Amino acid sequence: MRPQILFPLFAEVSNLKGVGPKILPLVQKLAGPLVRDVAFLSPSGLIIRRPMTAVDAVEGHVGLFEIVIDRLIVPGKPGAPIKVRAIDETGFVHLIWFGGSAQHIDRLLPKGQKRWVSGKVERFNNEVQIVHPDIFTPEQAVDIPAVEPVYPATQGLTSRVVRKLAQAALAQAPDLAEWQDPAWLAKMRWPSWRDALKALHAPSSEPDLLPEAPIRQRLAYDELLAHQLALARRRRTRKITPAPRIMPGDASARLLDALPFSLTGAQAQAVQEIRRDLAAGEQMGRLLQGDVGSGKTAVAALALVDTAASGFQSALMAPTEILARQHYQKLAPLLETAGISTILLTGRDTPAERRERLAALAAGDAQVAIGTHALFQDAVRFDRLALAVIDEQHRFGVNERQRLQAKGDPRTGGVHLLTMSATPIPRTLELTQYGELEVSRLTEKPPGRTPVTTAVLPQARIGEVAKRLKAALDSGAQAYWICPLVAESESIDLAAAEARAADLRRILKVEVGLAHGQMPGAEREAVMADFADGRLPLLVATTVVEVGVDVPNATIMVIEHADRFGLAQLHQLRGRVGRGAKASACILLYGGSDTGQEPSLGETARVRLETLRRTEDGFVIAEEDFRLRGGGDPLGLKQSGFPAYRFADPIRHRSLLLAASDDARLILGRDPDLVSERGSTIRVLEALFDWKNDRSGAD
Ligand code: ADP
Ligand code: MG
């Protein structure tokens, strides 16, 4: 429940003075729906007005001139600006308007009247001029701010209007009891929340605008703490939700025997962590983080087996049909050896298949369901679902995960959640994105992998690449050829892929398979199966093979137009090779045509490809990706439920984030239900930063 003291801030923005029907949608779009959102809008710059005269006007700076209007100069020809000549004791200044009405300007600036004008000083034909100046009458002049914050403006909503609205919103901000620890506040030399908010809207110099400014830090910390608290509370709610106790049994030993390898130390450790959670009787929420090829599937398989052996069902959900089928093909026989029956559910099952499989699930005859989005549809019912495993979890929305988890039986309790991700992200981002989950990491790769040699070549050398590829294929190798990313449009890319497949068939004189997102599932599956079984030497594909596909015998990966792919995506694609003991190669082709001259490569693209050439370490690649993208939207996180912070920048405020996370644990450790005096102030903080009903709220 929202504390009453916050009601004025949570009023609709239309309640603010000055927000009429015309600008209402603009304000909502710029700031958000609530008065709070306007109060939380940070200035992006500032104007410092210096008193100047015509003779000492400094070009490029914002000056404030006390002048008398001399005359209006109406343009002789259309398109020329309207000018007003204004004088002071030292000379004259031209005030300039492009467009606008001469009449209106004349009324605003009558001849002989005194005015203060302000704006950026320019020089034109060696005369001082100000384009579109701010104008103040002598009465207004007493209030001219020497420093004025500049806000992000939009068409129809100027910075000055936003500033007025921000001031109006600020006036609604109540004094709130302090929620920060006084010792910490003193140490950081931070002002109170309300003073910080006031100061936010009254910067006095450029450094005040930086994320490192104390007032911005205070607000960022408040926001991060509120978010970490919310995540920690969710974690807690999850933990007090009872869930079936899953115990490891003989079945998992049989599975381990059936695996053609033994688990790495990291895998064994992750299995142990998962088992501890599953046996605790409370709902598990765990992220299994491991770079491409680190062997997450085997870890998941053990959880599936344990769950079945304990008499419950589980679901493994993958984002693409290719991946779901691959999981099914690999896991079903293995699980069979442990006496477990598995079904596959995708969007392409025939009605008869679907009916039969759904019946098996509902009756509890099938213990494991592997599938795509088809798994969380309403018609899917489980008898005793106890575990949901989400592969490549960033491809799913929070809602989709929850819909699958909601298929548990309330009588047996909550459904355990194991999510898996190959996106290596720094710990700070992990905290903001997955703060409610426990994390297991696969820090080592299975043994016996030879590093992938990566070469970066211009597209013009494609002939040479084809020749060497031919030799490799003739000696029994298998290769992926990822097709030109030509356009945003999938159909154009598809045409290019088809053309490339035809070219390669002709030039290499080998059988070439083609796999893309638009072909019928069965057909694509057949192609993938032929490739996986070694019947097809070469697979031309669009990025459908990006996630998860595992064909250990494939050792060559050619990626055309590599410069158009993101770093993380290239890393994923390259991760398709280097999965066996044989040496692998990845060739990144860049630039336009097959025959053209060597193209120039943009700096960012060059660094990206160079990074990839240099390292296979997903973590290093992620950090570099981060650096290259700046604070923008690292790794496309916004899409995947990354919170849209108003003040905090998880990269620039990384130490604050770590502190906020510790603080949140400490606060809830002492006072889990926030019933103490500080607890009640903490509730206000949480409510203040509650974005739940907000268009940009992530969760
Ligand atoms: P990812 O973490 O990318 O999902 P996979 O689970 O697809 O990786 O595993 C990649 C490959 O490594 C598979 O071919 C798998 O059989 C193999 N693998 C997994 N664990 C081991 C291990 N401990 N020893 C050897 N090979 C393994
Ligand atoms: Mg995988």
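Residues numbered from 1 in each chain as written. Chains lettered and ligands numbered in written order. Predicted model: local features only at pLDDT ≥ 70, side-chain atom pairs only at ≥ 80, totals over all residues. Heavy atoms only, no water.

Observations concerning the sheet that holds strand 17 (residues 452–458)
Strand order in this open sheet of six strands is 17-22-21-18-20-19, and the pairing throughout is parallel. Either end of the sheet is taken by a strand with one partner, and the two such strands are strand 17 and strand 19 (512–515). In this sheet, neighbouring strand axes are inclined to one another by 20° on average, regardless of whether the strands run parallel or antiparallel. Against the sheet, helix 16 (residues 462–474) makes contact with strand 17, strand 18 (478–482), strand 20 (538–541), strand 21 (554–559) and strand 22 (584–590), and its axis sits at roughly 155° relative to strand 18, the strand it touches most. Set on the sheet, helix 19 (residues 567–574) makes contact with strand 17, strand 18, strand 21 and strand 22; between it and strand 21 the angle comes to about 150°. (Pairing = 2+ DSSP bridges. Helix = DSSP H or I, 4+ residues; strand = E, 2+ residues; numbered from the N terminus. Axes fitted to C-alpha atoms, helices over the stretch in contact; angles between N-to-C directions. Contact = heavy atoms within 4.5 Å.)

Quick look at the side chain of Arg-238
Of note, Arg-238 is situated in helix 8 (residues 214–239). Engagement of the side chain of Arg-238 in a polar contact is seen with the backbone oxygen of Gln-283, the distance being 3.3 Å. What Arg-238 contacts, discounting residues up to four positions off in sequence, is Gln-283, Met-284, Gly-285, Glu-436, Leu-437 and Glu-438. (Polar contact = N/O pair within 3.5 Å; in protein donor to acceptor, adjacent residues only side chain to side chain.)

Brief notes about the packing of aromatic side chains
Going through the model one piece at a time under the given rule, you end up with eight aromatic pairs. By way of ring pairs, the aromatic residues Phe-40, Phe-647 and Phe-689 are connected into one cluster. (Phe/Tyr/Trp six-rings, centres within 6.5 Å; stacked < 30°, edge-to-face > 60°.)

Overview of unusual backbone geometry
The backbone of Asn-125 sits at a positive phi, close to 50°, despite the residue not being glycine. Inspection of the secondary structure assignment puts Asn-125 in the loop between strand 6 (114–124) and strand 7 (127–131). When its relative accessible area of 66% is taken as the criterion, Asn-125 is described as exposed. The phi dihedral of His-561 falls on the positive side, at around 55°, and the residue is not glycine. Mapped onto the secondary structure, His-561 falls in the loop between strand 21 and helix 19. Given the relative accessible area of 7%, His-561 is considered buried. (Buried < 20%, exposed > 50% of the residue type's maximum accessible area, 1.4 Å probe, protein only.)

Quick word on the site of ligand 1
Contacts to ligand 1 come from 17 residues, most closely from Gly-293, Lys-296, Thr-297, Arg-449 and Asp-550. One of the backbone nitrogen or oxygen atoms of Gly-293 is found 2.6 Å away from an oxygen atom of ligand 1. Here Arg-579 contributes a side-chain N or O atom positioned 3.3 Å from an oxygen atom of ligand 1. If ligand 1 stood free it would expose 570 Å²; the protein chains cover 85% of that surface. Broken down by class, the residue content of the shell around ligand 1 amounts to five nonpolar, seven polar and five charged. Shared between two domains, the shell around ligand 1 takes at least three residues from each, and those domains are domain 2 (250–442) and domain 3 (452–615). (Near = heavy atom within 4 Å. Areas by Shrake-Rupley, 256 points an atom, 1.4 Å probe, with all protein chains shown as cover. Nonpolar A, V, L, I, M, F, W, Y, C, P; charged D, E, K, R; others polar. Domains from an automatic or database assignment.)

A look at the nonpolar core
Residues Leu-9, Trp-193, Leu-197 and Leu-688 are the most contacted members of the largest nonpolar core, which totals 59 residues. The set of elements that each furnish at least two residues to this core consists of helix 2 (35–39), helix 5 (159–171), helix 6 (182–188), helix 7 (193–200), helix 8, helix 22 (654–670) and helix 23 (677–688). With nine residues, helix 8 is the single largest residue contributor to this core. When sequence neighbours within four positions are dropped, the list of residues in contact with Leu-197 reads Ala-39, Phe-40, Leu-170, Ala-173, Leu-219 and Phe-647. Residues Ala-251, Leu-302, Leu-344 and Leu-442 belong to the second largest nonpolar core, which totals 38 residues. (Core = buried A, V, L, I, M, F, W, Y, C linked by side-chain atoms within 4.5 Å.)

Some thoughts on the pattern of salt bridges
If you walk through the whole model with that rule in mind, you get 43 salt bridges. Close ionic contact of Asp-70 with Arg-85 constitutes a salt bridge, the shortest N to O distance being 2.8 Å. With Asp-70 in strand 3 (residues 62–73) and Arg-85 in strand 4 (residues 82–88), this residue pair connects regions lying 15 residues apart in the sequence. Since its relative accessible area comes to 18%, Asp-70 is described here as buried. A salt bridge links Arg-160 to Asp-134, with the shortest nitrogen-to-oxygen separation between them at 3.6 Å. Note that Arg-160 is positioned in helix 5 and Asp-134 in strand 8 (residues 134–136), a separation of 26 residues in sequence. For Arg-160, a relative accessible area of 28% translates into the label partly exposed. (Salt bridge = Lys/Arg side-chain N within 4 Å of Asp/Glu carboxyl O.)

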